[in-house]
Amino acid sequence: MTDRIQSLNAVGILVDDYDEAITYFTEVLHFTLIANEKHKNGLRWVLLHPPGLSSTGIMLNLARSKMDKIAVGNQAGDQVLFVLQTNDFWRDYEFMQSQGVEFIETPRDEDYGTVAIFEDLYGNKWDLLQVKDAWSKARLLRLDTNSQYPICPDWVKLHKSK
């Protein structure tokens, strides 16, 4: 029997406008636009990935129904919806502030790293996070660095020796 191997390819986020969201994610958060395919029904397949080693992307879903429109910017209630992990918290924090990103708290040092919550253009809450060391990174990402099938082999390669 072979081991089950799965990964999370994309998570959906409701948006009011595709182009507005693409501009925000590419220019403000430096995500890469992976796909932007138009369909006959007016919908699009839009996928963006954060810079670096991430294998999970953001799929933009156009809010069309009344329920969708109510949920834009409130998909996780009052909780953090996404964690954007970085290798340089202060670089990204200062750049994001210069781009008008609203941080709703001051950065704080936790046992696991430096973190601050910000809101995206619709009001969804995100953590900007830099973890402290390779052990914390592996623990946070739930990577088993001894596994035959690590979720992100490049990340393991970069951090296993540290």
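Predicted, not measured: the structure shown is a model, and the values here were computed from it.

Caption draft 1: Just the overall build of the protein chain, in detail. Counting secondary structure elements, the protein chain contains five helices and nine strands. For the protein chain, buried positions account for 35% of its 162 residues. Once local pairs closer than 6 in sequence are excluded, the contacts in the protein chain between residues at least 24 apart make up 51%. As displayed, the protein chain has an accessible area near 10300 Å², and 48% of this comes from carbon and sulfur atoms.

Caption draft 2: A look at the sheet that holds strand β3 (residues 44-49). The sheet built from four strands is open, its strands ordered β1-β4-β3-β2 with mixed pairing. For this open sheet the edge positions go to β1 (10-15) and β2 (32-38), each flanked by a neighbour on one side alone. Averaged over all adjacent pairs, the angle separating strand axes in this sheet is 25°, with direction ignored. Two strands pair when backbone bridges link them, and β3 and strand β4 (residues 57-62) are joined in this way by three bridges, in the antiparallel orientation.

Caption draft 3: Spotlight on the confidence of the model for the protein chain. Looking at the protein chain as a whole, the pLDDT averages 85, with 81% of positions reaching at least 70. Taken as a whole, residues 144-162 scores under 50 in pLDDT and shows 24 contacts with residues more than four places along the chain or in a different chain.

Caption draft 4: Broad picture of the side chain of Thr 86. Within the secondary structure, Thr 86 sits in the loop between β5 (80-85) and α3 (89-98). For Thr 86, a relative accessible area of 8% corresponds to the buried category. Engagement of the side chain of Thr 86 in a polar contact is seen with the backbone nitrogen of Asp 88, the distance being 3.0 Å. A polar side-chain atom of Thr 86 sits 3.4 Å from a polar atom in the side chain of Arg 91. If near-sequence neighbours (up to four positions away) are discounted, Thr 86 is found in contact with Arg 91, Asp 92, Leu 128, Leu 129 and Gln 130.

Caption draft 5: Looking closely at the nonpolar core. Formed by 29 residues in total, the largest nonpolar core has its most connected members in Phe 25, Leu 60 and Phe 118. It is helix α1 (residues 18-28) that provides the largest number of residues to this core, a total of six residues.

Caption draft 6: Layout of the packing of aromatic side chains. If you walk through the whole model with that rule in mind, you get 11 aromatic pairs. Ring plane angle 50° and centroid distance 4.7 Å describe the contact between Phe 82 and Trp 126, whose orientation is recorded as tilted. Placement of the pair is Phe 82 in strand β5 and Trp 126 in strand β9 (residues 125-131), with a sequence separation of 44 residues. There is no split in this pair, since Phe 82 and Trp 126 are both buried. On the numbers, 5.5 Å between centres and 15° between planes, the contact of Phe 89 with Tyr 93 is stacked. Linking Phe 89 with Tyr 93, this pair stays in helix α3, spanning four residues, or about one helical turn. Across the pair, Tyr 93 and Phe 89 agree in class, each one buried. Three or more aromatic residues joined by ring pairs form one cluster here, namely Tyr 24, Phe 25, Phe 31, Phe 82, Phe 89, Trp 90, Tyr 93, Phe 103, Phe 118 and Trp 126.

Caption draft 7: The side chain of Asp 120, seen in detail. As for its position among the elements, Asp 120 is in the loop between β8 (113-119) and β9. Among buried Asp, Glu, Lys and Arg side chains, Asp 120 stands out as unpaired, with Lys 125 the closest opposite charge at 9.8 Å. In terms of polar contacts, Asp 120 uses its side chain to reach the backbone amide nitrogen of Gly 123, at 3.0 Å. Looking at Asp 120, its side chain comes within polar contact range of the side chain of Trp 126, at 3.1 Å.

Criteria and thresholds
- Residues numbered from 1 in each chain as written.
- Predicted model: local features only at pLDDT ≥ 70, side-chain atom pairs only at ≥ 80, totals over all residues.
- Heavy atoms only, no water.
- Helix = DSSP H or I, 4+ residues; strand = E, 2+ residues; numbered from the N terminus.
- Buried < 20%, exposed > 50% of the residue type's maximum accessible area, 1.4 Å probe, protein only.
- Contact = heavy atoms within 4.5 Å.
- Areas by Shrake-Rupley, 256 points an atom, 1.4 Å probe, with all protein chains shown as cover.
- Pairing = 2+ DSSP bridges.
- Axes fitted to C-alpha atoms, helices over the stretch in contact; angles between N-to-C directions.
- pLDDT = per-residue confidence, 0-100.
- Polar contact = N/O pair within 3.5 Å; in protein donor to acceptor, adjacent residues only side chain to side chain.
- Core = buried A, V, L, I, M, F, W, Y, C linked by side-chain atoms within 4.5 Å.
- Phe/Tyr/Trp six-rings, centres within 6.5 Å; stacked < 30°, edge-to-face > 60°.
- Lys, Arg positive; Asp, Glu negative; His and termini not counted.
- Salt bridge = Lys/Arg side-chain N within 4 Å of Asp/Glu carboxyl O.

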